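Listed below are the residues making up each chain.
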Amino acid sequence: MEVQTQTQRLSDLAQKLSPGIKQLVLYLRNDIKESLAEIRLRVGQPLALYISGKQYYVRSDSSLADFAGSDCYIVTQNELLACIRSLCDYSIHTHEQEIREGFISIPGGHRAGVCGTAVRKEDSFFTVREISSINIRVARQSHGCAERILSEILVKELCGILIAGPPGSGKTTILRELARQLSTGRTGIGYRVAVVDERGEIGGAYNGIPQNDLGPSTDLLNGYPKGEGILSAMRSLSPDLIICDEIGAPEEIAAVSAGVNGGVAIITSIHASSVDELLRRPQGKGLIDTGAFKKLVLLEGAKSPCKIKSVVNIIDLLDSGFRGGDADGKRMADRVYPIGKGFQAGI
């Protein structure tokens with residue numbers, strides 16, 4: 001698969017926006033395009049960009065401002081509606097299920113989160129109307145971002161890894177790169193990889209075709225609920241490894257447990273910015289209890305996407321008796337192995 005530069009991917013994305021906003025995005029400096037993470041459109045508010053963990057506002061000449069001012073470009077309701085129609089390929093009805101779930105998939109692996117007025121039917125959420133804001137998350141293929149995980153963990157053995165970090169820390173980007181590298185034989189073995197991509201963020205499939213390079217030996221289960229997708233992959237694809245994003249529901253944790261009992265390695269992610277936070281979450285404890293993971297990889301945060309802060313041996317979590325509560329979780333903070341210092345000893 002030919003890999004586009006981030007500037008090329010963003011230029012293609014700009015074609016899906018209203019004329020005025022499209023021109024502003026196309027005229028951004030290339031260095032900004034390369035690091036752009038989100039485009040935020042709110043009716044009656046300045047066009048905003050999220051770059052390297054910080055929000056900026058766009059002036060009418062495509063320059064950026066730290067604060068919203070009178071010279072910033074204001075998004076109108078008509079522009080927002082034009083963007084929605086274009087993002088839906090002028091057929092909002094065909095994207096109704098996606099909109100109900102809060103997002104629209106866009107060619108190139110991008111996705112647009114939508115916010116508006118909830119429509120309820122028989123006391124349950126039905127759809128969204130009167131859309132008032134759009135958050136476009138710009139997909140990126142970051143080759144090499146998983147190199148430390150590959151060279152210092154997976155080159156020794158294929159094992160379960162839980163990747164934890166706050167929103168925007170690069171969890172999905174690393175999962176995508178792990179799928180590609182493990183599928184292509186980066187560690188000396190070309191593994192059969194199954195990617196369960198419930199929300200379309202890893203493969204970025206559009207019309208069923210992955211827009212991101214996941215490697216030659218990767219099968220993409222696009223749109224499958226994670227729990228069902230894991231079990232389906234085990235039944236029909238004979239994978240060496242299953243990769244999925246943001247495990248948390250009880251049925252998903254049960255599927256992870258079934259996967260490890262079936263001899264399949266699992267690599268997944270969870271929202272947590274520290275060991276303490278992970279252990280305070282029932283989902284975190286539940287995942288560790290499955291026995292599916294050997295390593296916990298903690299990421300820095302949105303200001304340093306894909307940067308590894310530390311690695312924890314899961315066996316240390318189990319030995320610490322973390323089930324006792326927060327006090328045990330706090331003691332684990334002293335057993336984290338920083339990359340490049342105590343990490344080798346922790347493997």
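Please refer to the structure placed before this passage.
Residues numbered from 1 in each chain as written. Predicted model: local features only at pLDDT ≥ 70, side-chain atom pairs only at ≥ 80, totals over all residues. Heavy atoms only, no water.

Caption draft 1: Broad picture of the overall build of the chain. For the chain, the helix and strand inventory stands at 14 helices and 15 strands. Considering the chain as a whole, with its 347 residues, one finds that 49% of them fall into the buried category. Within the chain, contacts between residues at least 6 apart in sequence are counted, and of these 62% link residues at least 24 apart. Of the accessible surface of the chain, which amounts to about 15400 Å², a share of 48% is contributed by carbon and sulfur atoms. (Helix = DSSP H or I, 4+ residues; strand = E, 2+ residues; numbered from the N terminus. Buried < 20%, exposed > 50% of the residue type's maximum accessible area, 1.4 Å probe, protein only. Contact = heavy atoms within 4.5 Å. Areas by Shrake-Rupley, 256 points an atom, 1.4 Å probe, with all protein chains shown as cover.)

Caption draft 2: The arrangement of the packing of aromatic side chains in detail. What the rule picks out here adds up to zero aromatic pairs. Sitting over the face of the ring of Phe103, Arg111 holds its NZ or CZ atom 3.8 Å from the ring centroid. (Phe/Tyr/Trp six-rings, centres within 6.5 Å; stacked < 30°, edge-to-face > 60°. Lys NZ or Arg CZ within 6 Å of the ring centre and 35° of its normal.)

Caption draft 3: A look at the nonpolar core. Grouped together as the largest cluster of nonpolar side chains are 33 residues, with contacts concentrated most on Ile21, Ile39, Leu41, Leu47, Ile134 and Ile136. Within the residue set of this core, elements represented by two or more residues are helix 1 (6-14), helix 2 (19-26), strand 1 (36-42), strand 2 (48-51), helix 4 (77-87), strand 5 (103-106), strand 6 (110-121) and strand 7 (124-137). Those residues in contact with Ile21 that sit more than four places away from it in its chain are Leu41, Leu47, Tyr73, Val75, Glu79 and Cys83. Counting 29 residues, the second-largest nonpolar core is a separate cluster that includes Ile230, Val256, Val275 and Leu287. (Core = buried A, V, L, I, M, F, W, Y, C linked by side-chain atoms within 4.5 Å.)

Caption draft 4: Representation of the pattern of salt bridges. Inspection of the entire model under this criterion finds 15 salt bridges. Between Arg40 and Glu38 there is a salt bridge, with its nearest N and O atoms 3.1 Å apart. Residue classification places Glu38 among the buried residues on the basis of a relative accessible area of 14%. The closest approach of N and O atoms between Arg186 and Glu147, which form a salt bridge, is 2.2 Å. Separated by 39 residues along the polypeptide, Arg186 in the loop between helix 7 (171-184) and strand 9 (193-197) and Glu147 in helix 6 (residues 147-154) bring together distant segments of the chain. The exposure class assigned to Glu147 is partly exposed, which follows from its relative accessible area of 30%. (Salt bridge = Lys/Arg side-chain N within 4 Å of Asp/Glu carboxyl O.)

Caption draft 5: Summary view of the packing of helix 6 against helix 7. Direction vectors running N to C along helix 6 and helix 7 enclose 55 degrees, while the axes themselves pass 9 Å from each other. Compared by their axis directions, helix 6 and helix 7 come out oblique. The way helix 6 lies across helix 7 gives a crossing that is right-handed. Listed contacts from helix 7 to Glu147, Ile149, Leu150 and Leu154 of helix 6 are Ile174, Leu178, Gln181 and Leu182. Taken together, the residues that form the contact of helix 6 with helix 7 break down as six nonpolar, one polar and one charged. (Axes fitted to C-alpha atoms, helices over the stretch in contact; angles between N-to-C directions. Parallel < 35°, antiparallel > 145°, perpendicular 65-115°, else oblique. Left-handed = near helix turned anticlockwise from the far one by under 90°. Nonpolar A, V, L, I, M, F, W, Y, C, P; charged D, E, K, R; others polar.)

Caption draft 6: Broad picture of the environment of Gly168. Tracing the chain through its elements places Gly168 in the loop between strand 8 (161-165) and helix 7. C-alpha of Gly168 to C-alpha of Cys306: the two residues are 138 residues apart in sequence and 9.0 Å apart in space. Not counting the four nearest positions on each side in its chain, Gly168 is found in contact with Gly301, Ala302 and Pro305.

Caption draft 7: Layout of the side chain of Lys16. Relative to the helices and strands, Lys16 resides in the loop between helix 1 and helix 2. At 2.6 Å, the side chain of Lys16 forms a polar contact with the side chain of Asp89. (Polar contact = N/O pair within 3.5 Å; in protein donor to acceptor, adjacent residues only side chain to side chain.)

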